[in-house]
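Observations on the three-dimensional arrangement
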Amino acid sequence: MKVVIMGCGRVGARLASLLEQDGHSVTIIDNDSYSFRRLAPDFKGTALIGNGIDEDVLRSAGIEEADAFIALTQGDNRNVMASQIAKHIFNVPRAVCRIYDPLRRDMYAELGIETISPTTIFAQILREKLESQGD
Amino acid sequence: MYVIVVGGGRVGYYLAKALLDEGHEVLILEKAAAIASIVSDELGSICVRGDGCEATTLASVGTNRADMLIAVTGDDEDNLVACQVAKHMFNVPRTVARIRNPKNENIFKTLGIDVIVNTTNLILESIEEEVPTHTLTHLRDIRDKGLGIVEVKIPPDAPTIGKPIRELSLPEGSVLSLVIRKARKPIVPSGATILEAEDQIIAVTSHESEEALRAALSGQ
């Protein structure tokens with residue numbers, strides 16, 4: 001599978017390594033080259049400097065042949081815009097997007113973007129942890 | 001009309017002011033506390049501090065009864081999301097987004113924004129008009145039709161001067177609408193109209209034919 005990841009933060013860099021270990025071809029985009037320090041030293045994919053909401057940057061990242069696009073920057077709006085470009089302009093089969101705001105997540109899920117809200121998931125995990133007896 | 005303006009910067013501020021003067025009900029949403037308080041001081045209590053991309057904020061200002069939402073922050077992606085949330089969660093009938101990156105025009109159109117205002121191109125067009133070396137200037141785009149109104153100025157040394165319009169090979173998809181001559185009434189040109197130096201020709205043309213139109217009229 002060919003995967004394009006936007007945002008080389010902790011999650012993006014780690015995901016890039018994991019996918020690569022599974023044999024996928026990974027291109028990761030970030031607008032700050034300093035972020036690429038987070039990539040594993042043996043990362044063999046492509047690290048591309050640029051703004052992921054720019055069509056031309058996405059094109060040079062190989063979005064036209066990509067099987068999946070994942071948006072993981074700190075900005076919810078940047079993530080949804082990039083995912084919609086991937087899905088509706090470049091027809092990438094899967095566009096996955098991190099959205100911190102749970103309400104916005106619900107709306108974009110309805111609009112056909114695969115969305116994950118770490119806010120909801122993490123709050124849920126914490127609740128389960130605190131309320132579980134035994135450990 | 002109830003109009004919500006997202007972004008209280010210079011564009012948002014003056015837009016709100018103009019809308020208020022026209023008698024509309026206006027509300028500005030501004031994320032930054034400092035800017036929100038300046039706008040409130042100057043325009044009265046029409047500015048609410050909050051993120052116009054958040055559904056909770058939009059709900060609290062009665063977005064479901066808004067006739068229009070205009071997003072004019074400095075970030076294209078924020079303007080896109082504010083319009084999409086307004087449209088899909090609050091059924092706002094008309095959404096307007098400002099874009100700064102001209103490349104985003106098509107993307108926003110594809111994603112369902114009703115009106116897109118491309119401020120970078122507007123500035124470029126106004127400057128273009130003032131640069132005398134340009135034979136062709138863009139006066140206005142005709143929305144959604146792929147057409148534009150342009151002005152072509154016939155250069156003083158153009159080989160087309162003295163020729164009737166019917167002898168020029170004008171591109172298909174271009175219509176000459178008006179000829180403006182110094183100190184004379186503007187005329188609607190016919191095939192027999194003879195070009196003079198410094199004629200200003202107003203034409204409607206498709207974007208693709210623009211260059212061919214300029215070349216046909218100026219003979220260069």
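Structural data are supplied above this passage.
Residues numbered from 1 in each chain as written. Chains lettered and ligands numbered in written order. Predicted model: local features only at pLDDT ≥ 70, side-chain atom pairs only at ≥ 80, totals over all residues.

So, about the overall build of chain A. Along the backbone of chain A there are 5 helices and 6 strands. Reading the secondary structure of chain A in the N-to-C direction produces β-α-β-β-α-β-α-β-α-β-α. Its C-alpha atoms give chain A a radius of gyration of 16 Å, within 12% of the compact-globule value 14 Å for 135 residues. By its C-alpha atoms, chain A is 50 × 35 × 25 Å across when sized along the principal axes. Residues classed as buried in chain A amount to 39% of the 135 residues present. Sequence separation of at least 24 residues holds for 46% of the intrachain contacts in chain A that already meet a minimum separation of 6. (Helix = DSSP H or I, 4+ residues; strand = E, 2+ residues; numbered from the N terminus. Rg over C-alpha atoms; globule rule 2.2 N^0.38 Å. Buried ≥ 20, exposed ≤ 12 C-beta atoms within 10 Å, placed from the backbone. Contact = placed C-beta atoms within 7 Å.)

Turning next to helix α4 (residues 102–110) of chain A. The complete set of buried residues in α4 of chain A reads Arg104, Arg105, Met107 and Tyr108 of chain A. Each buried residue of α4 of chain A lies within a common arc of 165° when the element is viewed along its axis, so the set occupies one face. For α4 of chain A, the elements touching its buried residues are α3 (76–89), β5 (94–98) and β6 (114–116) of chain A together with α3 (55–60) and α4 (76–90) of chain B. Once α4 of chain A ends, the next one or two residues include Gly112 of chain A, with phi positive near 95°. (Arc of directions from axis to C-beta.)

Take unusual backbone geometry next. Notably, Asn91 of chain A is not glycine yet its phi reads approximately 55°, a positive angle. Overall, Asn91 of chain A belongs to the exposed group, with 11 C-beta atoms counted inside 10 Å.

Our next topic: the environment of Tyr34 of chain A. As for its placement among the helices and strands, Tyr34 of chain A is situated in the loop between β2 (25–30) and β3 (46–49). Sequence spacing of Tyr34 of chain A and Cys8 of chain A is 26 residues, and the spatial spacing of their C-alpha atoms is 9.4 Å.

So, about the sheet that holds strand β1 (residues 2–6) of chain B. All names here are of chain B. The strand order across the open sheet formed by 6 strands is β3-β2-β1-β4-β5-β6, and the pairing between neighbours is parallel. The sheet terminates laterally at β3 (47–49) and β6 (115–118), the two strands that pair on one side only. Neighbouring strand axes in the sheet, compared pairwise and without regard to direction, differ in orientation by 20° on average. Sheet strands in contact with helix α1 (residues 10–21) are β1, β2 (25–30), β4 (68–71) and β5 (94–99), and its direction is about 165° off that of β2. Sheet contacts for helix α6 (residues 119–130): β5 and β6; angle to β6, the most-contacted strand, approximately 50°. (Pairing = 2+ DSSP bridges. Axes fitted to C-alpha atoms, helices over the stretch in contact; angles between N-to-C directions.)

Counting residues at the interface gives 15 residues for chain B and 17 residues for chain A. Listed by contribution, the elements that provide at least two residues to the side of chain B that touches chain A are α3, α4 and α5 (104–110) of chain B. With 7 residues, α4 of chain B is the single largest residue contributor to the side of chain B that touches chain A. Within the side of chain B that touches chain A, the residues separate by chemical class into 8 nonpolar, 3 polar and 4 charged. (Nonpolar A, V, L, I, M, F, W, Y, C, P; charged D, E, K, R; others polar.)

A word on the nonpolar core. Formed by 69 residues in total, the largest nonpolar core has its most connected members in Val4, Ile5 and Phe69 of chain A together with Val5, Leu69, Ala82 and Ala97 of chain B. At 6 residues, α4 of chain B tops the list of elements feeding residues into this core. Beyond its immediate sequence surroundings of up to four residues, Leu69 of chain B is in contact with Ile4, Val6, Thr63, Ala82, Cys83, Ala86, Val92 and Thr95 of chain B. Formed by 11 residues, the second largest nonpolar core is a distinct cluster that contains Val152, Ala158, Ile201 and Leu213 of chain B. (Core = buried A, V, L, I, M, F, W, Y, C linked by C-beta atoms within 7 Å.)

Residues and elements named next belong to chain B. With 12 residues, α1 extends 17 Å between its outermost C-alpha atoms, agreeing within 8% with the 16 Å of an ideal straight helix rising 1.5 Å per residue. Among all positions of α1, only Gly12, Tyr13, Leu15 and Ala16 are buried. Turning to α1, the residues buried within the fold contact β1, β2, α2 (33–43) and β4. One or two residues past the end of α1 sits Gly23, with phi positive at roughly 90°. (Expected span 1.5 Å × (residues − 1).)

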